Amino acid sequence: MPIDPTLPYDDNNLFAKILCGEIPSQKVYENDWAFAFEDINPQAETHTLVIPRGRYVSWDDFSAKASAEEIVGFVRAVGEVARAKGLVGPGYRLMANIGAHGGQEVPHLHVHLFGGQPLGPMICKQR
Ligand code: 5GP
């Protein structure tokens with residue numbers, strides 16, 4: 001069920017629980033600003049999620065309210081994960097779903113990293 005990205009941050013959301021270790025995850029990388037882990041239901045050979053440590057509902061929330069330090073730390077983390085996974089040479093795709101039209105299901109900003117195979121068209125054309 002897509003979330004409403006305009007609602008306040010929910011401290012009990014799934015990724016908040018993964019961040020604090022209450023729900024286990026397969027950790028890939030972490031720095032002071034970000035945490036990366038494998039998606040539980042991978043949609044490609046490589047499907048990794050990168051989340052900020054801060055309490056941000058979506059890309060919209062993060063881009064409006066995060067500090068410059070948080071933004072740099074998070075963006076660098078996404079790049080680090082892609083390099084560590086060997087995705088740069090063959091290429092990969094980043095995706096952040098926002099709200100209903102984006103199909104966002106977890107109300108804590110997450111960037112999907114897809115790779116390890118050709119990824120096909122950018123968006124599904126069916127209506
Ligand atoms: P969204 O649709 O919000 O952009 O993406 C949410 C992602 O979280 C989905 O790709 C889904 O497979 C993943 N996910 C849902 N529950 C869990 C979980 O408990 N652990 C992990 N690692 N990923 C999850």
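Structure: see above.
From a predicted model like this one, the values you see are computed outputs, not experimental measurements.

As for the sheet that holds strand 4 (residues 92-95)
And then number 1: With respect to topology, five strands assemble into an open sheet ordered 1-2-3-5-4, the strand pairing being antiparallel. At either end of the open sheet lies a strand with only one pairing partner, and these are strand 1 (27-30) and strand 4. Neighbouring strand axes in the sheet, compared pairwise and without regard to direction, differ in orientation by 20° on average.
And then number 2: With five bridges joining them, strand 3 (residues 46-52) and strand 5 (residues 111-115) adopt antiparallel strand pairing.

Focus on the site of the ligand
And then number 1: In the region of the ligand, 17 residues are neighbours, and Asp 39, Asn 97, Glu 105, His 110 and His 112 sit closest.
And then number 2: Contact between the ligand and Ile 40: a nitrogen atom at 3.3 Å from a main-chain N or O atom of the residue.
And then number 3: At 2.6 Å from an oxygen atom of the ligand is found a main-chain nitrogen or oxygen belonging to Glu 105.
And then number 4: Taking 520 Å² as the accessible area of the ligand by itself, protein coverage stands at 83%.

Section: the pairing of strand 1
And then number 1: When strand 1 meets strand 2 (residues 34-38), the two strands line up antiparallel, connected through three bridges. Each bridged residue has a counterpart across the sheet, and for Lys 27 the counterpart in strand 2 is Phe 37.

Rules used throughout
- Residues numbered from 1 in each chain as written.
- Predicted model: local features only at pLDDT ≥ 70, side-chain atom pairs only at ≥ 80, totals over all residues.
- Heavy atoms only, no water.
- Pairing = 2+ DSSP bridges.
- Helix = DSSP H or I, 4+ residues; strand = E, 2+ residues; numbered from the N terminus.
- Axes fitted to C-alpha atoms, helices over the stretch in contact; angles between N-to-C directions.
- Near = heavy atom within 4 Å.
- Polar contact = N/O pair within 3.5 Å; in protein donor to acceptor, adjacent residues only side chain to side chain.
- Areas by Shrake-Rupley, 256 points an atom, 1.4 Å probe, with all protein chains shown as cover.

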